[in-house]
Amino acid sequence: MNRTLRPSAVLLALSLVLAGCAGAAPGAPPAGAPGGEAAHPVPPGVHWFRTAAEQHGIYRQVYAWAGERVMTAATGMVEPWGVILDADETVLDNSLYQLRRARAGLGFSPESWNEWVREEVAPALPGAVDFIERIRARGGRVAIVTNRDEAVCEPTRRNLAAVGVRADVVLCRAPGVSEKETRFRAVHEGTAAPGLPPLRILAWVGDNIRDFPGGGQGWREDPGAAGADIGVRFFLLPNPMYGSWESNPVR
C-alpha cells in the first residue's frame, strides 16, 4: 500500500488533530475512555481524598489519638461504655462514587447514592478498623450512626462487616430525618438495639461537625464548651469533598 499522503490529506489530518486538542480539558481523560468516562475534570477535593499521602496520615493520626484518649477515659470504668462513629468518610471510603459522578459531569443524587450503597464495595478508611478493634478489646461497644437511608441499612451492615468493622449496632435514618441526636440518645439510653445496654459514650468520631452532639457550622466562630471537646471527646476527620460546610457563605 502507498503510505505517502498528498499535501491536502496532511493538512486535513493536522486540522483534525488540532481541533481535538483544543476541545480537551488539561489532564482530563478523553471522551470514550475506558469505562465510558466523560472528559470532565476531577474536583481537587476528590483528587486529594483518593491520592494524597496526607489523607492517609491524618486519618491514622486522628484515630490513633482518639484511641489513646478513649483508653485513658475507660480506665477504671465499671459501667458499660462505648463510642459512636459516623459511617461515610469516617469508616467507609465513598470517594469512588464521587469520582464516578465527577467524571460523568454529575452531582449527588439520592438515587445514584443508594445504588452505590447497594454495591457494597466501599473500603475501610485508614485507622478505622484498628480503632474499633482496640475499643472492643478493651470491653467497649461500638455504634455506627449514619445518615444513610433505612432502606439501604442492610447493604450498609454487610459492607461494614466485609471490611472488618464489627459494630454492635448500625443505626440509619428514618425517612425525612437528618438529625442524629435522637439516635445518639437511643445508644446512651439502651434503646438502640435488643441486648445493647445503656452506654456511657466516651467518644464520637465523624467527618462532619454535625456528627457530634450539638454540632454546627457556628462552632468555627463560637466553639463554646461543646466545641472545646474536639480532640477530647469529639474527633474530627477531614472531608474536602462534601459536607455541611458547603452551605457556608464564600469569603
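Figured I'd write up the structure that's included with this text. (Residues numbered from 1 in each chain as written. Predicted model: local features only at pLDDT ≥ 70, side-chain atom pairs only at ≥ 80, totals over all residues. Heavy atoms only, no water.)

Counting secondary structure elements, the protein contains nine helices and five strands. Taken from N to C terminus, the helices and strands of the protein fall in the order α-α-α-β-α-α-α-β-α-β-α-β-α-β. Buried residues in the protein amount to 40% of all 251 residues. Long-range contacts, defined as pairs at least 24 residues apart, comprise 75% of the intrachain contacts of the protein with a sequence gap of at least 6. (Helix = DSSP H or I, 4+ residues; strand = E, 2+ residues; numbered from the N terminus. Buried < 20%, exposed > 50% of the residue type's maximum accessible area, 1.4 Å probe, protein only. Contact = heavy atoms within 4.5 Å.)

All right, on to the pattern of salt bridges then. Applying the stated criterion to the full structure yields 14 salt bridges. Note that Arg251 is salt-bridged to Glu221, the shortest N-O span being 2.7 Å. A residue pair is termed long-range when its members are at least 10 positions apart, and Arg251 in the segment after strand E5 (234-236) and Glu221 in the loop between strand E4 (200-206) and helix H9 (224-227) qualify at 30 residues. For Glu221, a relative accessible area of 57% gives the class exposed. When salt bridges that share partners are traced, they join Asp86, Lys180 and Asp211 into one network. (Salt bridge = Lys/Arg side-chain N within 4 Å of Asp/Glu carboxyl O.)

Moving on, we come to the packing of aromatic side chains. Pairs of aromatic rings are described using the distance from one ring centre to the other and the angle between the two planes. Within this structure, the stated rule accounts for 11 aromatic pairs. Judged by centre distance (5.2 Å) and plane angle (80°), the ring pair of Tyr97 and Trp113 falls under edge-to-face. Of this pair, Tyr97 sits in helix H4 (residues 95-103) while Trp113 is found in helix H5 (residues 110-119), placing the two residues 16 residues apart along the sequence. For the residue pair Tyr97 and Trp113, the accessibility class agrees, reading buried in each case. Arranged with centres 6.0 Å apart and planes meeting at 10°, the rings of Trp219 and Phe234 form a pair that is stacked. With Trp219 in the loop between E4 and H9 and Phe234 in strand E5, this residue pair connects regions lying 15 residues apart in the sequence. The exposure class assigned to Trp219 is buried, which follows from its relative accessible area of 12%. (Phe/Tyr/Trp six-rings, centres within 6.5 Å; stacked < 30°, edge-to-face > 60°.)

All buried positions along helix H7 (residues 153-162) are accounted for by Cys153, Pro155, Thr156, Asn159 and Leu160. Each buried residue of H7 sits inside an arc of 160° when the element is viewed along its axis, so together they form one side. Of the exposed residues in H7, the ones pointing more than 90 degrees away from its buried face are Ala161 and Ala162. Lining the buried residues of H7 we find H5, strand E2 (141-149) and strand E3 (169-173). (Arc of directions from axis to C-beta.)

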